[in-house]
Amino acid sequence: MLILSKTAGVFSKPARRKTYEFLRIFNFHPGKPFLHKLVLGIETSCDDTAAAVVDETGNILGEAIHSQTEVHLKTGGIVPSVAQQLHKENIQRIVQAALSSSKVCPRELSAVATTVKPGLALSLGVGLSFSLHLVDQLKKPFIPIHHMEAHALTIRLLNKVDFPFLVLLISGGHCLLALVRGVSDFLLLGKSLDIAPGDMLDKVARRLSLIKHPECSTMSGGKAIEHLAKQGNKLHFDIKPPMQRAKNCDFSFSGLQHVVDRIITQKEKEEGIQKGEILASAAHIAAAVQHTTACHIAKRTHRAILFCKQKRLLTPSNAVLVVSGGVASNLYIRKALEIVTNATECTLLCPPPRLCTDNGIMIAWNGIERLRAGVGVLHNTEGIRYEPKCPLGVDISEEVGEAAIKVPRLKMDI
Ligand code: KG4
Ligand code: ZN
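Predicted model only: the values in this text are computed from it and were never measured. Position numbers for residues count from 1 along each chain, tracking the sequence in the order it is written. Chain A is the first chain written and ligand 1 is the first ligand written, with later ones labelled in order. A pLDDT threshold of at least 70 governs which residues receive local features in this predicted model, and a stricter bar of 80 or more applies before side-chain atom pairs are shown or counted, although totals over entire chains, interfaces and linings include all residues. Neither water nor hydrogens contribute to the side-chain values; these are computed over all heavy atoms in the structure.

**Considerations on the overall build of the protein**
Part 1: For the protein, the count of helices and strands is 14 helices and eleven strands.
Part 2: Both definitions apply: the radius of gyration is a C-alpha atom measure, and the globule rule equals 2.2 Å times residues to the power 0.38. A compact globule built from 414 residues would reach a C-alpha radius of gyration of about 22 Å, and the protein, at 22 Å, matches this within 12%.
Part 3: Seen along its three principal axes, the alpha-carbon backbone of the protein occupies a region of about 65 × 50 × 40 Å.
Part 4: Within the protein, the proportion of its 414 residues that are buried is 54%. Secondary structure elements follow DSSP: runs of H or I of four or more residues count as helices, runs of E of two or more count as strands, with numbering from the N terminus. Buried, partly exposed and exposed residues are distinguished by accessible area as a fraction of the type maximum, computed with a 1.4 Å probe on protein chains only: under 20%, between the cut-offs, and over 50%, respectively.

**Describing the nonpolar core**
Part 1: If you look at the biggest cluster of nonpolar residues, it comprises 65 residues, and the most contacted ones within it are L166, L168, L189, L208 and I225.
Part 2: For this core, the element with the most residues is helix α10 (residues 282–310), which contributes 15 residues.
Part 3: Judged by nonpolar contacts, the second largest core, of 27 residues, contains L99, V104, V126 and L138. Nonpolar cores were defined as sets of buried Ala, Val, Leu, Ile, Met, Phe, Trp, Tyr and Cys residues, with membership established by side-chain atoms within 4.5 Å.

**What about the sheet that holds strand β11 (residues 394–395)?**
Part 1: Strands qualify as paired when DSSP identifies two bridges or more between them. Strands sit in the order β10-β9-β6-β7-β8-β11 across an open sheet of six strands; the sheet is mixed. Only two strands of the sheet have a single partner each, and these edge strands are β10 (347–349) and β11.
Part 2: Any two residues having at least one pair of non-hydrogen atoms within 4.5 Å are treated as being in contact. Note on geometry: axes are lines fitted to C-alpha atoms, helical ones only across the stretch in contact, with angles between N-to-C directions running from 0 to 180 degrees. Sitting on the sheet, helix α11 (residues 331–343) touches β6 (165–170), β9 (320–324) and β10, and the angle it makes with β10 is about 155°.

**Quick word on the site of ligand 1**
Part 1: Surveying the vicinity of ligand 1 reveals 18 residues, the closest of which are G172, D202, G222, E226 and G326.
Part 2: Taking G172, its main chain carries an N or O atom lying 2.7 Å from an oxygen atom of ligand 1.
Part 3: Each polar contact in these results corresponds to two N or O atoms within 3.5 Å; when the atoms are within protein, one needs to be able to donate a hydrogen and the other to accept it, and residues that are neighboring in sequence are counted only if both atoms are side-chain atoms. Take E226: an N or O atom from its side chain is 2.7 Å from a nitrogen atom of ligand 1.
Part 4: Bound to the protein, ligand 1 loses 84% of the 550 Å² it would expose on its own.
Part 5: Of all elements in the fold, only α7 (197–207) and α8 (221–229) reach the threshold of two or more residues within the shell around ligand 1. We define proximity as follows: a residue is near a molecule or strand when any one of its heavy atoms falls within 4 Å of that partner. What sets the accessible areas is the Shrake-Rupley method with a 1.4 Å probe; for residues, cover comes only from the shown protein chains.

**Section: the pattern of salt bridges**
Part 1: Here a salt bridge means any side-chain nitrogen of Lys or Arg lying within 4 Å of a carboxyl oxygen belonging to Asp or Glu. Under the definition given, this model contains 14 salt bridges.
Part 2: Put simply, K267 and E270 hold a salt bridge, and the shortest N to O gap is 2.8 Å. Of the two residues, K267 and E270 are both situated in helix α9 (residues 254–271); the distance of three residues between them amounts to about one turn of the helix.
Part 3: Given a relative accessible area of 15%, K267 falls into the buried group.
Part 4: A salt bridge links K411 to D413, with the shortest nitrogen-to-oxygen separation between them at 3.2 Å. As far as the burial class goes, K411 and D413 line up, both exposed.
Part 5: Three or more residues joined by partner-sharing salt bridges are found here, namely R156, E369 and R372.

**Some thoughts on the pairing of strand β8 (residues 185–191)**
Part 1: Counting buried positions along β8 yields five of seven residues, so the element is predominantly enclosed.
Part 2: The pairing of strand β7 (residues 175–182) with β8 spans six bridges and is antiparallel. The partner of A178 across the bridge, within β8, is L188.
Part 3: Taking the residues that link successive antiparallel strands as the turn, the β7-β8 hairpin has two residues.
Part 4: Sheet topology note: the β8/β11 ladder contains two bridges and is parallel. From the neighbouring strand, L188 faces β11, where its bridge partner is D395.

In short, the description is geometric, and any link to function would need to be established separately.
Written out as structure tokens, the structure reads:
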């Protein structure tokens, strides 16, 4: 655990003066007072600087986001010190933009909610330092937010989803299955033992040089794979899904990445092309890797549903599976999950893409959920720290493995 003082540079004295100026801008009185609770949410855990103002009923009053993706694409990955610098450069502008568009005066806020765990230490530090100065100036409560809890609860801003429900988070940095029993009551059923599915798809896309493909040059790796897969035959290569013998809900994607890597090297030899050129069989490879990924994710999720039903953790008549994260926008993977939810009589829900990826709205909404439940609302921020590593809820993945539930084979006709 790192302590806040390590990021003290965020608010040097001139910058602190800037906060006062920043707050003075909002010295106005809107015509209508707000009757509902209002929360400003701030997110800087990875490579997006995001903020939003959300009210108690789920109205998104204002939001702003600055994505660092373009910068990090050039370096082939996130450089933490670069991410930190970009957060520092943008946080004030983004928070100001979210507040301005919401027409909410900072004094009308009920609280400020900010991601403090888990994430990149240098990135988390910028958001926390900024927020602590803000709540100090405004004399408002502070609500520290767990990034994954916020992802998991976002669906409740849009749909009436009661506790408990099952959540699958799949993105470039996340891969987990959890049972959500309450605002701060989570059971972790399984997680990736190595990399996340989006990370694997990004690596495969990079290895296939899809950035040079005329149809895919502006797409993220995962999206490029989905696009190209439509032109390929998923059965052209026989790739086995990972961890078939392990009867738990954990995931693994790095073995799959290496298998695909070997196939690509072999095909380069066969087609007589150099690394960096586009293979004629690229679409078949994309289709096969997408299919194997979908089958792996579907199988683990199927087992999680059966486990929760067997242990009466999910109500059989009212079971909901929420799928979120960047990879959740993949329609092929969604269809695989739909086959699972149809077979198990579950309802499948996915937030829209802009709420699946990192954003300030989910942080503000988590603040609202916590205010309503009266949990984790701080009036004294002394000693508050960010935590780069922080598991989600109570880890019962061993118990899930011990139950060794055999999952019936489903026909993945997608
Ligand atoms: O949630 P997100 O924006 O950021 C984090 O990783 O936290 O997710 C980005 C990831 C990337 O790995 C990207 O390749 C993947 O989501 N992704 C997709 C698709 N669109 C984005 N993966 C598969 N299919 C897609 N259509
Ligand atoms: Zn995230």
